[in-house]
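Observations on the model geometry
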Amino acid sequence: MTRPRLSALSVLGLSSLLVLTGCFGPPAPAPSTSSAAPSPTTSSASPSTTATPTTSGNPTTTPGSSVAPTTPAAPPPSSTPASPPPTAEPTPNGLPEQVAPLTIYYVAVGDNGVSGPAIGCGDSLVATTTAPVRFTDQVGPSIGTLLANKSRDIGQSGLINVLYQSSLTYLGGELNGSTITIWLSGQFMLGGVCDIPRAKAQLEYTAMAASGATSAQVYVNGRPIDEVLSLK
């Protein structure tokens, strides 16, 4: 009867030992899972994901967009040279500016063409020159100087200016081939019949000398000078 009891105790001891081993068995794998705690390595992978700032190329795109304003800023400089123009400003008539004396014609009464072209009542036209003047179109300054002279006698030369009492203004001129045409406004104030060809000759010859033309046409208030002077 004693042996069966011992065997029962031994069976209980073995079963308890098995139970204990069963209990200690699961904790053993726990260290292996804790060793799997290299999840920090996975967490370390998360820092690599923090490198996503490099993928956040949005900042790089924003500089790219900031470069775009620089390209539109470039065209305006290129457009400014097209405007203006404007390093060498062309004169309205396209002529270069120069400095030279002006040639003005006055009358030598009774000279009979000795000192210059014969005109009117046995008179002559004589060319005089002024001090150097700056101009681009010589016709305007020449006619303007003639009309601005309000003296009858030209110094001690013996020449006279029959236009000294007239109130005339130069409006413009045009060279067409070898003919110069000038336009005036205002009124003539002449001293007699012989002053008519003298006044016409002074205007025509002064205009021709300034332009290099060989003939001239003069209009006053839109009408030919011959028509205007024929009413005097």
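Residues numbered from 1 in each chain as written. Predicted model: local features only at pLDDT ≥ 70, side-chain atom pairs only at ≥ 80, totals over all residues. Heavy atoms only, no water.

1. Remarks on the sheet that holds strand β9 (residues 223–224)
Strand order in the open sheet formed by 4 strands is β6-β7-β8-β9, with mixed pairing between adjacent strands. Strands with a single pairing partner mark the edges of an open sheet, and in this sheet they are β6 (167–176) and β9. Of the pairings in the sheet, the one linking β6 to strand β7 (residues 179–187) comprises 9 bridges and is antiparallel in character. Counted as the bridge partner of tyrosine 170 is leucine 184 from β7. Seen against the sheet, helix α7 (residues 139–148) touches β6 and β7 and runs at an angle of roughly 155° to β6. (Pairing = 2+ DSSP bridges. Helix = DSSP H or I, 4+ residues; strand = E, 2+ residues; numbered from the N terminus. Contact = heavy atoms within 4.5 Å. Axes fitted to C-alpha atoms, helices over the stretch in contact; angles between N-to-C directions.)

2. Re α7
By the burial criterion, the buried members of α7 are Val139, Gly140, Ser142, Ile143, Leu146 and Leu147. One side of α7 holds all its buried residues, which, seen down the axis, span an arc of 170°. (Buried < 20%, exposed > 50% of the residue type's maximum accessible area, 1.4 Å probe, protein only. Arc of directions from axis to C-beta.)

3. A look at helix α8 (residues 195–211)
Counted at 1.5 Å a residue, the expected span for α8 with its 17 residues is 24 Å, and the 24 Å between its end C-alpha atoms agrees. After α8 finishes, the residue glycine 212 shows a positive phi value of roughly 80°. (Expected span 1.5 Å × (residues − 1).)

4. With respect to the pattern of salt bridges
Opposite charge on two side chains makes pairing possible when the charged atoms of those side chains draw close. Taken as a whole and assessed by the stated rule, the structure comprises 7 salt bridges. As a salt-bridge pair, aspartate 123 and arginine 198 come within 2.5 Å of each other at their nearest N and O atoms. Taken together, the residues span a long stretch of sequence, with aspartate 123 in strand β4 (residues 123–129) and arginine 198 in helix α8 at a distance of 75 residues. The same class applies to aspartate 123 as to arginine 198, namely buried. Between arginine 152 and aspartate 153 there is a salt bridge, and its shortest N-O distance comes to 3.1 Å. Overall, the relative accessible area of 47% leaves aspartate 153 in the partly exposed class. The network of salt bridges with shared partners includes Asp123, Asp195 and Arg198. (Salt bridge = Lys/Arg side-chain N within 4 Å of Asp/Glu carboxyl O.)

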